[in-house]
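A structural walkthrough
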2 protein chains.
Amino acid sequence: MTAATLHKSRSAERALNLLDAVITAGSISLGDAASAVDLPTSTALRHLRALEHDGYLNRDPHGMFSVGPTFLRLALTSLREGPAAHLTKAARPHLDRLAEATGESAYLAVRERSRAVYIATAESARAIRHVGWVGRTVPLTGTAVGATLTGTGEATVLRNTGSVEPDVAAAVAPVLGTEGTVVAAISVLGPSSRLDNASTDTATIAVLAAAEALSHDLRGPT
Amino acid sequence: MTAATLHKSRSAERALNLLDAVITAGSISLGDAASAVDLPTSTALRHLRALEHDGYLNRDPHGMFSVGPTFLRLALTSLREGPAAHLTKAARPHLDRLAEATGESAYLAVRERSRAVYIATAESARAIRHVGWVGRTVPLTGTAVGATLTGTGEATVLRNTGSVEPDVAAAVAPVLGTEGTVVAAISVLGPSSRLDNASTDTATIAVLAAAEALSHDLRGPT
DNA sequence: TAATGACTTTCACCTAATGAAATTCATATG
DNA sequence: CATATGAATTTCATTAGGTGAAAGTCATTA
């Protein structure tokens, strides 16, 4: 075991990387999966078969791998029960209110290692709106969400324009947990043409209010 | 490697079992997780830490483990994109129609090893109705879903009453994929007091029709 | 029919996983 | 305040389990 892997579990991590690769790809062949995680096909196959055996993956008649029922069960369970569900459930009304107030799409994001994941949304009602970022990740560096999630948690709003995709602007505020730590971020995402200086002031206030309200809810359960 | 584990990957499987245990429990201590999967705490801890390191799990200040952001990302992705999402998306209108037509809750189930998992639902509009089985599993043996999922796929309806929970009755029909294999089952679940002989005939026909319609949709995409 | 590319199996090597035991930590208890 | 109790953590000698190169299949394509 080299120094870099001292606290890990190589074989398990490889299996998880493969699981990730398969789910991210949706449907993938042995060869593609193996090269995605940089493993020899023989090793990848062994892991993929083990995952299939346990129902985490399916394999269709053409040999393509995709999500399996066991993973789906866990996915549904994790999103409907447990601590994570509590957070998204608590966030729902605030996201809805925020989307309505600003007319833009509102998102809830949490940190995943060196990235931020969007885990819930309330979409804008407008025809041109920001959609489909739930489940998606963006880097922590160079983004407003990233700065917010890594920040010390002062109740500030950060704005940013076009760092991930051009024409997308954001206003973000931190959600604080019981110990005053940043547990999530609430953001409003929209076309930069609309989320410009003038209207951003409105969004700014609304995002901040939503984040503070959610933080409050998390401290003392309703 | 013993004969029984010839095609598996022990270490990875243990990690996945722990992941399963944690998510199923929602929040769990090292000791409880270890005994849930029958491992020494030292071994369990190593795996749990590796999972935590990769973001699949979180650990709170009290040492309790729960789902982590990486898993949430994969959960959201798997349910919104990929083959599984395709199935549930295709099923949605049929489930809705079925729930409306029968006045009972409709479910979509797939097979997970020796169990059946409910992966989508349309709830009955009635006050007394069947709820909350999404993400839940039932045995294949002794249940109508089980018989349907393991069956040869003749387009028949199976009924059953109270085998999993008393007072719950079911009417189930198989959903067939491109090769004529059983890929899922559609069921109507309700209180046995309502789903009795007389009204079941209506449900029977409706379930069968819904399953056939969905099978048809899966063959030739809309 | 041969050549190509993708999947599968085999197997000798040896590292990475294992778990018993010792240690630390946190919390009850006398 | 000392001490006992239970849980989490670290250590480390042992070896079973994981590894991947290479050879073998299988299914297409030329």
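Since we're looking at a predicted model, the values are computed, not measured.

Reading guide: rules and limits
- Residues numbered from 1 in each chain as written.
- Chains lettered and ligands numbered in written order.
- Predicted model: local features only at pLDDT ≥ 70, side-chain atom pairs only at ≥ 80, totals over all residues.
- Least-squares fit on C-alpha atoms with pLDDT ≥ 70 in both.
- Contact = placed C-beta atoms within 7 Å.
- Domains from an automatic or database assignment.
- Pairing = 2+ DSSP bridges.
- Helix = DSSP H or I, 4+ residues; strand = E, 2+ residues; numbered from the N terminus.
- Axes fitted to C-alpha atoms, helices over the stretch in contact; angles between N-to-C directions.
- Parallel < 35°, antiparallel > 145°, perpendicular 65-115°, else oblique.
- Left-handed = near helix turned anticlockwise from the far one by under 90°.
- Nonpolar A, V, L, I, M, F, W, Y, C, P; charged D, E, K, R; others polar.
- Buried ≥ 20, exposed ≤ 12 C-beta atoms within 10 Å, placed from the backbone.
- Near = placed C-beta within 6 Å.

Here we look at the relation of the copies chain B and chain A
- When chain B is fitted to chain A, the residual RMSD is 0.1 Å, and the transformation amounts to a turn of 180 degrees plus an axial shift of 0.0 Å. The operation mapping one copy onto its partner corresponds to a two-fold rotation axis.
- Taken as a fraction of all interface residues of chain B, those also at the interface in chain A reach 100%, which identifies the copy contact as same-surface.

A few points about the domain arrangement of chain A
- Partitioning chain A into domains gives domain 1 (3-75) and domain 2 (82-219).
- Here the C-alpha centre of domain 2 of chain A lies 32 Å away from the C-alpha centre of domain 1 of chain A.

Overview of the sheet that holds strand E7 (residues 168-176) of chain B
Residue and element names in this part refer to chain B.
- Strands sit in the order E5-E4-E3-E8-E7-E6 across an open sheet of six strands; the sheet is antiparallel. What marks the edges here is a single partner per strand, and that holds for strand E5 (137-139) and strand E6 (158-161). Pairs of neighbouring strands in the sheet enclose a mean axial angle of 30 degrees, with direction left out of account.
- Note that strand E3 (residues 105-112) and strand E8 (residues 182-191) share five bridges and pair antiparallel. Across the sheet, Ala106 pairs through a bridge with Val188, a residue of E8.
- In this fold helix H5 (residues 82-102) packs onto E3, strand E4 (115-122) and E8, with an angle of close to 70 degrees to the strand it touches most, E4.

Description of the packing of helix H4 (residues 69-80) of chain A against helix H4 (residues 69-80) of chain B
- As a packed pair, H4(A) and H4(B) sit with axes 9 Å apart at the nearest point and diverge in direction by 115 degrees. By the criterion of interaxial angle, the relationship of H4(A) to H4(B) is roughly perpendicular. In the packing of H4(A) onto H4(B), the handedness of the crossing is left-handed. Two secondary-structure elements touch here, H4(A) through A:Phe71, A:Leu72, A:Ala75, A:Ser78 and A:Leu79 and H4(B) through B:Phe71, B:Leu72, B:Ala75, B:Ser78 and B:Leu79.
- For the contact of H4(A) with H4(B), the residue count by class is eight nonpolar, two polar and no charged.

Some points on the pairing of strand E3 (residues 105-112) of chain A
Residues and elements named next belong to chain A.
- With eight of its eight residues buried, E3 lies for the most part within the structure.
- Every second residue of E3 is oriented toward a common face, with Ser105, Tyr107, Ala109 and Arg111 on one face and Ala106, Leu108, Val110 and Glu112 on the other, all of them buried.
- Judged from the seven bridges that link them, E3 and strand E4 (residues 115-122) form a sheet pairing that is antiparallel. Looking at E4, one finds that Arg111 is bridged to Ala116.
- Connecting E3 to the antiparallel partner E4 that follows it, the hairpin turn spans two residues, and Arg113 within it adopts a positive phi of roughly 50 degrees.

Description of the protein's contact with DNA strand D
- Neighbouring DNA strand D are 20 residues, the closest being A:Ser42, B:Arg10, B:Ser29, B:Gly31 and B:Ser42.
- When contributions to the surface near DNA strand D are tallied by element, the ones reaching two or more residues are helix H1 (10-25) and helix H3 (41-53) of chain A together with helix H1 (10-25), helix H2 (30-36) and helix H3 (41-53) of chain B.
- Considering only residue class, the surface near DNA strand D consists of five nonpolar, 11 polar and four charged.

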